[in-house]
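Architecture and fold: a report
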Amino acid sequence: MAGRMGVEIRGVDSLRDRLRMMRSHVREGTEAAAREGGRMGEATMKGLAPVDTGRLRDSIRHEVRGPTVRFGPGDEIDYAAFVEFGTSRMAAQPYVRPTVEAMRRIWPDLVAEHVNRALQQKKRGRRWWR
């Protein structure tokens, strides 16, 4: 005699609604992480950049657009890549790659910290996402 088996999943609509509510907070946290990460990346890169005249170091900036951050030397410095990678006459003096590697390691924790902070600030005493 064959019996019937089945699985019923309840609460999917509620979960979907809660995830939608979280979306703006996740975006807010990610953007905050991008702002902090941009400042950190710029400061790290400036600290590692070799200084002769200071033009290379002073050209390093960061720019944040939503959850996207870019940092590095400005376009006005045409020798930035030569300093980073070296030439046949000059040894490499890496300042971009070590910064990228450091940021790659801390980025996930930085985003998680800011997203969690945004969710905590928004919940107002209720655990609406659980």
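Scroll up to find the structure.
I will try to describe carefully the structure that is included in this document.

What counts and what doesn't
- Residues numbered from 1 in each chain as written.
- Predicted model: local features only at pLDDT ≥ 70, side-chain atom pairs only at ≥ 80, totals over all residues.
- Heavy atoms only, no water.
- Helix = DSSP H or I, 4+ residues; strand = E, 2+ residues; numbered from the N terminus.
- Rg over C-alpha atoms; globule rule 2.2 N^0.38 Å.
- Contact = heavy atoms within 4.5 Å.
- Areas by Shrake-Rupley, 256 points an atom, 1.4 Å probe, with all protein chains shown as cover.
- Lys, Arg positive; Asp, Glu negative; His and termini not counted.
- Charge placed at Lys NZ, Arg CZ, Asp CG, Glu CD.
- Patch = residues over 30% accessible without salt bridge, like charges linked within 9 Å, V, L, I, M, F, W, Y side chains within 5 Å.
- Salt bridge = Lys/Arg side-chain N within 4 Å of Asp/Glu carboxyl O.
- Core = buried A, V, L, I, M, F, W, Y, C linked by side-chain atoms within 4.5 Å.
- Buried < 20%, exposed > 50% of the residue type's maximum accessible area, 1.4 Å probe, protein only.
- Pairing = 2+ DSSP bridges.
- Expected span 1.5 Å × (residues − 1).
- Bend = angle between axes of the 7 residues up to and from the residue.

So, on to the overall build of the protein. A count of helices and strands for the protein gives four helices and two strands. Along its sequence from the N terminus, the protein presents helices and strands in the succession α-α-β-β-α-α. Relative to the globule expectation of 14 Å for 130 residues, the C-alpha radius of gyration of the protein, 23 Å, shows a markedly less compact shape. Reported as C-alpha extents along the three principal axes, the dimensions of the protein are approximately 85 × 45 × 20 Å. Put simply, 57% of the contacts in the protein that link residues at least 6 apart link residues at least 24 apart. Entry remark: accessible area of the protein is about 9600 Å², with carbon and sulfur atoms responsible for 51%. Charged side chains in the protein number 26 positive and 17 negative. The centres of these two groups are separated by 9 Å.

A surface patch of nonpolar side chains, about 350 Å² in accessible area, is lined by Val7, Ile9 and Val12. Mapped onto the elements of the fold, Val12 is located in helix H1 (residues 12-48).

Let us now look at the nonpolar core. A general feature of soluble globular proteins is that nonpolar side chains tend to end up buried together. Counting eight residues, the largest nonpolar core consists of Met45, Ala49, Leu56, Ile60, Ile77, Ala80, Val83 and Tyr95. Apart from residues no more than four positions distant in its own chain, Met45 is found in contact with Ile60, Phe71, Gly72, Pro73, Tyr95, Val96 and Thr99. Within the second largest apolar cluster, six residues are counted, among which are Met22, Ala33, Leu110 and Val115.

It is worth spelling out the pairing of strand E2 (residues 68-72) at this point. Bridge count between strand E1 (residues 61-65) and E2: five bridges; the pairing is antiparallel. When the sheet's bridge partners are listed, Arg65 is paired in E2 with Thr68.

Under the defined criterion, the tally for this structure stands at eight salt bridges. Arg104 is the salt-bridge partner of Glu101, the closest N and O atoms lying 2.6 Å from each other. Linking Glu101 with Arg104, this pair stays in helix H4 (residues 96-123), spanning three residues, or about one helical turn. On the accessibility criterion, Glu101 (32% relative accessible area) is partly exposed. Residue class for Arg104 comes out exposed when judged on its relative accessible area of 53%. What you see here is one network of salt bridges that share partners, running through Glu101, Arg104 and Arg105.

Moving on to the environment of Gly29. Summarising the element assignment, Gly29 is placed in helix H1. Given the relative accessible area of 1%, Gly29 is considered buried. Residues Gly29 and Ala112, 83 residues apart in the sequence, show an inter-C-alpha distance of 8.0 Å. When neighbours within four sequence positions are excluded, Gly29 is seen to be in contact with His114, Val115 and Ala118.

Moving on, we come to the environment of Gly74. With respect to the secondary-structure elements, Gly74 resides in the loop between E2 and helix H3 (80-85). Linking Gly74 and Arg117, residues 43 residues apart in sequence, is a C-alpha distance of 33 Å. Not counting residues within four places of it along the chain, the set of residues in contact with Gly74 comprises Ser59 and Arg61.

Let us look at H1. Across its 37 residues, H1 extends 50 Å between first and last C-alpha, which sits within 8% of the 54 Å expected from 1.5 Å per residue. Helix geometry: H1 is bent most strongly at Arg23, by close to 30°. Those residues of H1 lying buried are Met22, His25, Gly29, Thr30, Ala32, Ala33, Ala34, Gly37, Gly38, Gly41, Glu42 and Met45.

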